[in-house]
Amino acid sequence: MIKVNGLEFVYRKSPGKAIKGITFDIGDGEIFGLLGPSGAGKTTTQRIIIGLLRGYQGSVHVMGKERRKWGKDIFEKIGVAFDFPNLYEKLTAYENLDLLGSYYKNNNLNKDELLDSVGLLADRDKRVEKFSKGMKMRLNFIRSVMHDPEILFFDEPTSGLDPVNAKIIRNMILDFKKKGKTVFLTTHNMNEADYLCDRVAFIVEGTVPVIDNPGELKIKYGQKSVKVSFNGDGKLQEEFFPLTGIGRNSRFLEILNQDFVRTIHTQEATLEDIFIKLTGRELL
């Protein structure tokens, strides 16, 4: 659905390149995450693909067509939600959806169902200027999908949301995947990316040093051992055991047979651990 090859971009009056020859592709029905700290080039890359930034070098193909050759018709195919709400403050939630929906040929999705899906149905007739940031984020999210696009671009989609509403948005993104939608997600939240993404690309200072499945990355860079927490000598203790030959490890079997085990965990690396290890950068 998206194929980027040798992409470079320089902002006017900038001393250096914001994007430095990155290459990646996103398959049909895939949730793809572009992960990195603030200023790494995530949003710039996304805006180039959407068409908000022009004058790039390299190639960007969307649904098999070079981005430069797309006209306004591409906006019938894509939905975009940035990390800052793009709404009409003086209009109500329903009026926002009604007005914005009129821009698209496909505007047949039920607005009440969309509002209800993110817990805003009761606020449908309230002016957006009276909404909290979290309410605006949720309204902005459904605004981006109301025309049933094929490709969805989300920039920090759960930013400013409480845990309950963040979970609602994450589950909706997974539902979009089940419906065959392609999702391009940019975030610095590694836990969210781990939960949602089929593949992730790390971006730092305009370059992409690694692209892989989150599970494969954690296996590759994690410790091949397990941590056992157990009650012993009247207190909670921990011991580590290598995975190789663990079924024949006498000490491991001894602890299991004592029936005092509290927890057993494999020592996977987190995506944040891996990002720092591979790039030398903290996620800020």
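If you're wondering where the values come from, they're calculated on a predicted model, not measured in any experiment. Just so you know, the residues in each chain are numbered from 1, in the order the chain's sequence is written. In view of the model being predicted, local features appear only for residues whose pLDDT reaches at least 70, and side-chain atom pairs are presented and counted only at 80 or more, with totals across whole chains, interfaces and linings using the full set of residues. Remark: hydrogens and water are excluded; side-chain values derive from all non-hydrogen atoms of the structure.

Novice: Please explain the pattern of salt bridges as it appears in this structure.
Specialist: A carboxyl oxygen of Asp or Glu within 4 Å of a side-chain nitrogen of Lys or Arg is what we treat as a salt bridge. Summed over all chains, the structure comprises 19 salt bridges. A salt bridge links Lys111 to Asp98; the shortest N-O distance between them is 3.8 Å. Note that Lys111 is positioned in helix H3 (residues 111–117) and Asp98 in helix H2 (residues 93–101), a separation of 13 residues in sequence. Buried means the residue's accessible area, taken with a 1.4 Å probe over protein chains only, is under 20% of the maximum for its type, while exposed means over 50%, and partly exposed covers the values in between. Since its relative accessible area comes to 15%, Lys111 is described here as buried. Salt bridges linked by common partners bring Asp25, Glu30 and Arg199 together as one network. Numbering goes from the N terminus for both helices and strands, where a helix is a DSSP run of H or I of at least four residues and a strand is a run of E of at least two.

Novice: What am I meant to see in the nonpolar core here?
Specialist: If you look at soluble globular proteins, the nonpolar side chains tend to sit buried side by side. Among buried residues, those of type Ala, Val, Leu, Ile, Met, Phe, Trp, Tyr and Cys that are joined through side-chain atoms within 4.5 Å constitute a nonpolar core. Counting residues in hydrophobic clusters, the biggest one holds 43 residues, and the most contacted among them are Leu139, Phe141, Ile142, Phe154, Ile173, Phe202 and Leu271. The element best represented in this core is helix H4 (residues 133–145), accounting for six residues. We call two residues in contact when some of their heavy atoms are within 4.5 Å. What Ile142 contacts, discounting residues up to four positions off in sequence, is Leu97, Leu114, Leu115, Ser117, Val118 and Met172. Within the second largest apolar cluster, 28 residues are counted, among which are Ile19, Phe24, Ile48 and Val62.

Novice: Would you explain unusual backbone geometry in this entry?
Specialist: As a rule of thumb, non-glycine residues mostly have phi less than zero, and peptide bonds are mostly trans rather than cis. Look at Lys13: it is not a glycine, yet its phi comes out positive at around 65°. Of note, Lys13 is situated in the loop between strand E1 (2–9) and strand E2 (19–26). In this structure, Met63 is a non-glycine residue whose phi angle is positive, near 55°. Here Met63 is to be found in the loop between strand E4 (57–62) and strand E5 (65–66).

Novice: I tried to follow the side chain of Arg67 on my own but got confused; where do I start?
Specialist: Relative to the elements of secondary structure, Arg67 occurs in the loop between E5 and strand E6 (78–81). Asp73 provides the closest opposite charge to the buried, salt-bridge-free Arg67, at an N-O distance of 7.4 Å. A distance of 2.4 Å separates a polar side-chain atom of Arg67 from the backbone oxygen of Ile50. Not counting residues within four places of it along the chain, the set of residues in contact with Arg67 comprises Ile48, Ile49, Ile50, Gly51, Tyr56, Val60, Val62, Ile74 and Phe75. The charge count includes Lys and Arg as positive and Asp and Glu as negative, but it does not include His or the ends of the chains. Whenever a nitrogen or oxygen atom comes within 3.5 Å of another N or O atom, the pair is scored as a polar contact, on the condition that within protein one atom can donate a hydrogen and the other can accept it, and that pairs from neighbouring residues in sequence are kept only if both atoms are in side chains.

Novice: Please clarify how the sheet that holds E4 should be interpreted in this entry.
Specialist: Backbone hydrogen bonds hold the strands of a sheet together, and the pairing may be parallel or antiparallel. A strand pair is defined by DSSP finding two or more bridges across the two strands. In spatial order, the strands read E2-E1-E4-E5; together these four strands make up an open sheet with antiparallel pairing. This sheet does not close on itself; its edge strands, each paired only once, are E2 and E5. Judged from the six bridges that link them, E1 and E2 form a sheet pairing that is antiparallel. Across the sheet, residue Lys3 finds its bridge partner in E2, namely Asp25. Simply put, an axis is a line fit to the C-alpha atoms, just over the touching stretch for a helix, and the angle between two N-to-C directions goes from 0 to 180 degrees. Packing against the sheet, helix H1 (residues 42–50) makes contact with E1, E2 and E4, and its axis sits at approximately 120° to E1.

Novice: Sorry if this is basic, but what is going on with a nonpolar patch on the surface here?
Specialist: Each patch groups residues whose relative accessible area exceeds 30% and which form no salt bridge, using 9 Å between like charges and 5 Å between nonpolar side chains of Val, Leu, Ile, Met, Phe, Trp and Tyr. Calculation of accessible area relied on Shrake-Rupley with a 1.4 Å probe; when residues are assessed, cover is drawn exclusively from the protein chains displayed. The grouping of Leu253, Leu256, Val261 and Ile264 at the surface amounts to a nonpolar patch, some 270 Å² of accessible area in total. Contributions of two or more residues to the nonpolar patch are made by helix H8 (250–257) and strand E13 (261–266). The topology assignment puts Leu253 in helix H8.

Novice: Would you mind going over the environment of Asp273 with me for this structure?
Specialist: Within the secondary structure, Asp273 is located in helix H9 (residues 271–279). Sequence separation of Asp273 and Lys218 is 55 residues, and the distance between their C-alpha atoms is 9.2 Å.

Novice: It is not clear to me how the pairing of E6 should be interpreted in this structure. Could you clarify?
Specialist: For a regular strand, side chains alternate in direction, first toward one face of the sheet and then toward the other. Along E6, one buried face is formed by Ile78 and Val80 and the opposite face, lined by Gly79 and Ala81, is buried too. Bridge count for E6 against strand E7 (residues 151–155) is four bridges, and the pairing is parallel. Looking at the pairing, Val80 lines up with Phe153 of E7.

Novice: What am I meant to see in the environment of Arg143 here?
Specialist: Counting through the fold element by element, Arg143 comes out in helix H4. Residues Arg143 and Asp162, 19 residues apart in the sequence, show an inter-C-alpha distance of 20 Å. Once you skip the residues sitting within four places of it in the chain, Arg143 turns out to touch Val80, Asn86, Leu87, Leu97 and Leu100.

Novice: I keep staring at helix H7 (residues 214–221) and nothing clicks. Help me out?
Specialist: Because an α-helix packs 3.6 residues into every turn, residues spaced three or four apart end up facing the same way. Along H7, the positions that sit buried rather than exposed are Pro214, Leu217 and Lys218. Around the axis of H7, the buried residues are gathered within 95° of arc, so they sit on the same side. Away from its buried face by more than 90 degrees, H7 exposes Ile219 and Lys220. Tucked inside the fold, the buried residues of H7 contact helix H6 (190–196), strand E9 (199–204), strand E10 (207–212) and H9. Taking the backbone nitrogen of Gly215 as reference, a side-chain oxygen 2.7 Å away marks Asn213 as the first, capping residue of H7. As used here, the arc is the angular range of directions from the helix axis to the C-beta atoms.

Novice: Where do I start with the sheet that holds E9 in this structure?
Specialist: Taking strand neighbours across the sheet as the criterion, the six strands line up as E6-E7-E8-E3-E9-E10 in an open arrangement whose pairing is mixed. With one partner strand each, in any of the chains shown, E6 and E10 form the two edges of the open sheet. The sheet shows a mean angle of 15° between the axes of neighbouring strands, taken without regard to direction. The strands touched by H1 within the sheet are strand E3 (31–35), E6, E7, strand E8 (182–187) and E9, with E7 carrying the most contacts at an inclination of about 150°. Here H9 sits on the sheet in contact with E3, E9 and E10, set at roughly 45° to E9.

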